[in-house]
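Examining the three-dimensional arrangement
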Amino acid sequence: MSTTAFAAALSLVVMAAISLTASAESTASTAEEATDATTREDAFRYGGDPERGAEMAKLCTSCHGYQGRSVTSRYPSIAGMDETRFVEGMRELRAGDRGHRMASMTRGLTDQDIADLAAYYSRLEAPDGP
Ligand code: HEC
């Protein structure tokens, strides 16, 4: 291989590496934008903090399953629930309108607690099953 051909081949490799890096960066920024949009549109509709919700969610696992995926038809799965439905459902249950087993669970929760739980659960992927 002549020096010129080698130099040409090397510059091709370098260019390919640069364009790979560039496309990796643009993929990363698209993913970031998508996360930001999700956060704005869903997680903060009620000013909830999903990190705090994740901590409190330990109270719910015994019935609603790990990450809100219920393993029994006795309890609904709550992963991926619409945030508004979640918040309104919890407030109704807290008011004692329906669901006695949840009424005792929700009694001690503040609106902020419910918002935090809603922020956490609504961002989880909904299960295929029950
Ligand atoms: C003792 C078992 C139990 C525990 C613990 C429990 N739940 Fe429930 N949950 C239920 C049952 C049963 C229902 C169905 C109530 C009904 O609609 O009659 C329900 C319903 C719900 C619903 C409404 C679902 C819908 O489709 O409307 C939400 C939201 C919910 N629970 C969230 C939570 C959260 C958040 C926690 C933790 C703070 C929690 N639950 C802890 C038993 C439980």
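These lines cover the structure that appears in this document, whether it is placed above or below.

The rules behind the values
Here the residue index of a chain counts from 1 through its sequence in written order. Given that the model is predicted, a residue must reach a pLDDT of at least 70 before its local features are reported, and side-chain atom pairs must reach 80 or more before they are shown or counted; all residues, however, enter totals for whole chains, interfaces and linings. By definition, any uninterrupted DSSP run of H or I lasting at least four residues is a helix, any uninterrupted run of E lasting at least two residues is a strand, and each is numbered from the N terminus. Partly exposed residues are those whose C-beta has more than 12 but fewer than 20 other C-beta atoms within 10 Å; 20 or more makes a residue buried and 12 or fewer makes it exposed, with C-beta atoms placed from the backbone. Here the contact rule is simple: place C-beta atoms from the backbone, and any two residues whose C-beta atoms are within 7 Å are in contact. Throughout this description, the term nonpolar core refers to a group of buried Ala, Val, Leu, Ile, Met, Phe, Trp, Tyr and Cys residues whose C-beta atoms join them within 7 Å. Every angle, taken between N-to-C directions, lies between 0 and 180 degrees, and every axis is a line fitted to C-alpha atoms, over only the stretch in contact when it is a helix. Relative orientations are named as follows: roughly parallel for angles under 35 degrees, roughly antiparallel for angles over 145 degrees, roughly perpendicular for angles from 65 to 115 degrees, and oblique for any other angle. Left-handed describes a crossing in which the near helix is turned anticlockwise from the far one by less than a right angle; the clockwise case is right-handed. Working rule for helices: expected span equals 1.5 Å times residues minus one.

The next point concerns the overall build of the protein. Broken down by element type, the protein carries six helices and zero strands. Going residue by residue from the N terminus, the α and β elements of the protein occur as α-α-α-α-α-α. Residues counted as buried form 21% of the 130 residues belonging to the protein. Across the protein, contacts joining residues at least 24 apart in sequence account for 70% of those joining residues at least 6 apart.

Even without glycine at this site, Gln67 takes up a positive phi of about 55°. Structurally, Gln67 can be placed in the loop between helix 3 (61-64) and helix 4 (83-95). A residue is classified by how many C-beta atoms lie within 10 Å of it, and Gln67, with 18 of them, is partly exposed.

Grouped together as the largest cluster of nonpolar side chains are 15 residues, with contacts concentrated most on Phe86, Val87, Ile114, Leu117, Ala118 and Tyr121. With seven residues, the top contributor of residues to this core is helix 6 (residues 111-122).

Take the packing of helix 4 against helix 6 next. The relative placement of two packed helices comes down to the angle between their axes together with the axis-to-axis distance. Where helix 4 meets helix 6, the axes come as close as 9 Å, and the angle between the chain directions of the two elements is 140°. As summarised for this structure, helix 4 and helix 6 are arranged oblique, according to the angle between their axes. Crossing angle aside, the handedness with which helix 4 passes helix 6 is right-handed. Each of Glu83, Phe86, Val87, Met90 and Arg91 in helix 4 lies in contact with helix 6, whose residues at this interface are Ile114, Ala115, Ala118, Tyr121 and Ser122.

Looking at the element boundaries, Thr84 is found in helix 4. Considered as a pair, Thr84 and Arg45 are 39 residues apart in the sequence and their alpha carbons are 8.2 Å apart.

With 13 residues, helix 4 should reach 18 Å at 1.5 Å per residue; the first-to-last C-alpha distance of 18 Å fits that figure. A positive phi of about 85° marks Gly96, the residue just after helix 4.

Turning our eyes to something else, we now look at helix 6. Note that an α-helix has 3.6 residues per turn; residues three or four places apart therefore point the same way. Counted at 1.5 Å a residue, the expected span for helix 6 with its twelve residues is 16 Å, and the 16 Å between its end C-alpha atoms agrees. Along helix 6, nine of the twelve residues are buried, which leaves the element largely enclosed by surrounding structure. Burial in helix 6 covers these residues: Ile114, Ala115, Asp116, Leu117, Ala118, Ala119, Tyr120, Tyr121 and Ser122.

Looking now at the environment of Gly68. Relative to the elements of secondary structure, Gly68 occurs in the loop between helix 3 and helix 4. Separated by 57 residues in the primary sequence, Gly68 and Glu125 place their C-alpha atoms 9.3 Å from one another. Residues in contact with Gly68, not counting those within four places in the same chain, are Ser77, Ile78, Ala79, Tyr121 and Leu124.

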